Each structure stands twice: as structure tokens, then as C-alpha cells.
Amino acid sequence: MSPDQVPVVERILGANEDLAARNRQVLDAHRVHGINIMASPGGGKTTLIIRTAQALQGHRSVAVIEGDIASSVDADKVRAAGVPAIQINTGGNCHLDAVQVQQALGQLSLEGVDLLFIENVGNLICPVAFDLGEHTRVALASVPEGDDKPLKYPGIYSAVDALVITKMDLLPWVPFNLSEFRRLARGLNPDIRLFEVSCVTGTGLDEWVRWLMELTARK
Amino acid sequence: MSGARILTGCLIDCRMVVHMHELAITESILNIVQRHAEQAQAKRVLSIHLVIGELSSIVDDCVQFYFDYLSQNTIAAGAKLLFERPKVELACEACGHTWQPVDADWTCPRCGEARARVVKGREFYVESIEVE
């Protein structure tokens, strides 16, 4: 029997993407805006989420899904700050996927929630490939990581709606060429929204929070 | 012999993460292949043609390694994965020039604008399978 060529032409992560679309429908039905937060480990994701939720108090209601390989350290921190949070442990997986987010959504009361932060596993590579059902994708880049990251991880920089440069208070102490970093990021993604934030001093949080309020108002 | 080489390559390339996203991707590929092979009433899958753009961070050897493991005792056991990895191609929003960047500096080599759109390089699908 001679070999046959069978055309397939099917998206490899089609099953994940279909489920992500269903997650998005669930969020839409509750008028919740989902934001997928991606960064390296230690990039400042949890701290930014907590500071943002505090700044949004009285304006928008926030809930958080925390993704980590192990532990509930992050969800505990977020809950201690008075924000409802569900912890997903990926059991070793380097990224969240739509199945895990679907399960977390089942445990979370979405009534009255305006903004849902989904904190992805700390990683600049794998999370990019997996749609979770979010509406907006945000990457964080912390100053101490260095200004060459767009050169090394073009995939994430070209795939997000916004980029938050965190730990801006460290700028005087570490070599980080801000204008070069901005140029590289914009080169990979001309429409990217750039924010420069320090959660220690509070610098730049206003602009970021204003943008989030605009996003949710547009719903 | 080659199995050992693939395993070593995998560990070097992917050890920064615990379970690589290649595992989840390989599971998806196997599901797709099994479904299409059964529909075609095939006895065996010989090869799988994948199109994965350069912007997708996939280590080919890792995927083949996982595939060999996951596909044991399935219709796709022993199938060879053929990777087509389209290079990134960009189009300048300002002047319309298209080019293949040499690194992640996506400034237009013709007009100097940093406003590039990705034309190629994000492909991520199973193109076809060869069966008997």
C-alpha cells in the first residue's frame, strides 16, 4: 500500500483557543474585562496587581486568578490586601492554559467584578502561545532585568497590548537605557501602550490605572 | 543513539522550565493527527508536516522527543515530524517595504521607521499527514 498524503491544516492549539473563546464569553456575560499579566519570575506581577487593585478601590471591582507552578503564596498576598483571589497550581507546567482558567472561573464569583487579572506563570516564552480567554494582554519588564529583553524575547513583546516597565525607582542604580528599550519595544509592536511604574514610590501608577479604567468603561 | 542526543538537546534547551510548553503542544498535535488518521481509515501515520513560524518558541527536538513517547501504541507511533519553520517577514507600515529581519531590531532598513507588521512567522498548524 503506497503512502497517502492527507491534508489537515488545523491549528495546533485549536482546542485551547476554542475553550479560551468560551472563557471570554463567560467573562463577557458578566461584563468582566480579563487581563492576562505576563512577565519573568520576580518581574513584579503580584505587587503591581495589588497596588493596582488598591488604586482602583471605589472605582472598579477587581478579582485575581494567580497562576504558579506551586504554592499559594501569591493568592495569599492578594487576599491579604482584600482582593478576592483564586490560586491555580499548574503542577509543573510553565504556563496557564484555557482549561485551568475555566476551572478557576468556576470557583470565582464574577458578580460585580469589573476587572479580572490573570497572573500567568513567571516566564517570557511559553505563556504567549496560550490564549486564556482574556481581552487584553499585558507584559511586565522590570528595570533590573536589563534593556535587551525585547531583543531576546521578541515573541512576547510583539504579542501584547501593553507593556509596563516596573521597578522604575531602580533606574538610577542599574544600567538600563530607557529610550533604547522603548525604541526596541515599539519597533516590535508599533501599537504597544507603554507605562513606566514604580510600585515603591507610586510613580506612573496613575496613568496605568487611568488606562485600565478606560478599558473597562469601553465595555 | 539519536534518542540520547535528542534528550540531551532537550534538557539543555528547555531546563529553565519544569514542564515545557512543548509537552502541551505535542499532546495537541497527537490529538489532531489521530483524529485525521482515523477519518482517513489509515493503518499507520508515517510523517506529520508541521508549519510553525519562527516567532513561536518551539524546540523541534523536544517536540519529536515527546511525540515518540506519547504516540507509543497509537496509530501515529514511529511517525516522523517534519518541521517547516517560516522565517519572520515584516512589512513597514510607513513605506510598505517588506523584509526578513536578522535580529529583533525591527527598524525598517529602507526608511528607518520602527513600525513593522508581522507578515510571516506566526504560523502554528498541522499542514498534512502522510499515512498508509
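Residues numbered from 1 in each chain as written. Chains lettered and ligands numbered in written order. Predicted model: local features only at pLDDT ≥ 70, side-chain atom pairs only at ≥ 80, totals over all residues.

1. Section: the overall build of chain A
Of the regular secondary structure elements, chain A holds eight helices and eight strands. What you see for chain A is a C-alpha radius of gyration of 18 Å, in line with the 17 Å of a compact globule of 219 residues. With the C-alpha coordinates aligned to their principal axes, the bounding extent of chain A is approximately 70 × 40 × 35 Å. Put simply, chain A has 219 residues, and 50% of those count as buried. In chain A, the share of contacts with a sequence separation of at least 24, taken over all contacts with a separation of at least 6, comes to 75%. (Helix = DSSP H or I, 4+ residues; strand = E, 2+ residues; numbered from the N terminus. Rg over C-alpha atoms; globule rule 2.2 N^0.38 Å. Buried ≥ 20, exposed ≤ 12 C-beta atoms within 10 Å, placed from the backbone. Contact = placed C-beta atoms within 7 Å.)

2. A short note on the overall build of chain B
A tally of helices and strands in chain B yields three helices and six strands. Each helix (α) and strand (β) of chain B, taken in turn from the N terminus, gives the series α-α-β-α-β-β-β-β-β. In chain B, buried positions account for 35% of the 132 residues. Residue pairs at least 24 apart in sequence account for 73% of intrachain contacts in chain B once pairs closer than 6 positions are excluded.

3. Quick word on the environment of Arg183 of chain A
The topology assignment puts Arg183 of chain A in helix 7 (residues 178-188). Once the C-alpha coordinates of Arg183 of chain A and Pro150 of chain A are considered, the two residues, 33 residues apart in sequence, prove to be 9.7 Å apart.

4. Observations concerning the sheet that holds strand 5 (residues 116-120) of chain B
Residue and element names in this part refer to chain B. What the three strands build is an open sheet, ordered 4-3-5; its pairing is antiparallel. Each having just a single partner strand, strand 4 (98-99) and strand 5 make up the two edges of the open sheet. Of the strand pairs in this sheet, strand 3 (residues 89-92) and strand 4 are connected by two bridges, and their pairing is antiparallel. For Leu90, the partnering residue across the bridge sits in strand 4 and is Trp99. (Pairing = 2+ DSSP bridges.)

5. Points about the nonpolar core
The biggest cluster of nonpolar side chains holds 99 residues, and the ones touching the most others in it are Leu116 and Ala139 of chain A together with Ile29 and Val33 of chain B. Here this core gets seven residues from one element, more than from any other, and that element is helix 2 (residues 21-39) of chain B. Those residues in contact with Ile29 of chain B that lie beyond four places of it in its chain are Ile12 of chain A together with Ile48, Leu50, Phe67 and Val126 of chain B. (Core = buried A, V, L, I, M, F, W, Y, C linked by C-beta atoms within 7 Å.)

6. Quick look at unusual backbone geometry
Positive phi is not limited to glycine here, since Ser71 of chain A has a value of about 80 degrees. Positioned with a positive phi, Lys167 of chain A is a non-glycine residue whose angle comes to about 60 degrees.

7. Some remarks on the interface of chain A and chain B
The partner chain B presents 35 residues to the 34 residues of chain A that form the contact. Only strand 1 (4-11), helix 5 (149-152), helix 6 (154-157) and helix 7 of chain A provide two or more residues apiece to the side of chain A that touches chain B. For the side of chain A that touches chain B, the per-class residue count stands at 20 nonpolar, eight polar and six charged. Judged from the six bridges that link them, strand 1 of chain A and strand 6 (residues 124-131) of chain B form a sheet pairing that is antiparallel. Across the sheet, Val6 of chain A pairs through a bridge with Ile129 of chain B, a residue of strand 6 of chain B. (Nonpolar A, V, L, I, M, F, W, Y, C, P; charged D, E, K, R; others polar.)

8. Things to note about helix 4 (residues 98-107) of chain A
Residues and elements named next belong to chain A. Those residues of helix 4 that fall on the buried side of the exposure criterion are Ala98, Gln100, Val101, Ala104 and Leu105. All buried residues of helix 4 lie within an arc of 155 degrees about the axis, which places them on one face of the element. Away from its buried face, by an angle of more than 90 degrees, helix 4 presents the exposed residues Gln103, Gly106 and Gln107. (Arc of directions from axis to C-beta.)

9. Some points on the confidence of the model for chain B
Residues and elements named next belong to chain B. Considering every residue of chain B, the mean pLDDT works out to 85; 85% of them sit at 70 or more. pLDDT under 50 marks residues 1-18. Its contacts with residues more than four places away, or in other chains, come to 21 contacts. With pTM at 0.87, the complex prediction returns an ipTM value of 0.79. (pLDDT = per-residue confidence, 0-100.)

10. Here's the deal with helix 2 (residues 45-56) of chain A
All names here are of chain A. If you check helix 2, its first and last C-alpha atoms are 16 Å apart, about what twelve residues at 1.5 Å a residue would give, namely 16 Å. Taken together, the buried positions of helix 2 are Lys45, Thr46, Leu48, Ile49, Ile50, Arg51, Thr52 and Ala53. Looking one or two residues beyond helix 2, the residue adopting positive phi is Gly58, at roughly 90 degrees. (Expected span 1.5 Å × (residues − 1).)

11. Comments concerning the pairing of strand 8 (residues 193-196) of chain A
Residues and elements named next belong to chain A. The sheet contact formed by strand 7 (residues 162-166) and strand 8 spans four bridges and is parallel. The residue of strand 8 that forms the bridge with Ala162 is Arg193. Chirality of the crossover, the property in question, places the unit of strand 7, helix 7 and strand 8 among those that are right-handed. (Right-handed = clockwise from strand over helix to strand, strands pointing away.)

12. Some words on the packing of helix 2 of chain A against helix 8 (residues 205-217) of chain A
Residues and elements named next belong to chain A. Across the interface, helix 2 lies against helix 8 with an axial gap of 10 Å and an inter-helix angle of 70 degrees. With respect to their mutual orientation, helix 2 and helix 8 come out roughly perpendicular. Here Arg51, Thr52, Ala55 and Leu56 of helix 2 come into contact with helix 8, specifically with Leu205, Trp208, Val209 and Leu212. Classifying every residue of the contact of helix 2 with helix 8 by side-chain character gives six nonpolar, one polar and one charged. (Axes fitted to C-alpha atoms, helices over the stretch in contact; angles between N-to-C directions. Parallel < 35°, antiparallel > 145°, perpendicular 65-115°, else oblique.)

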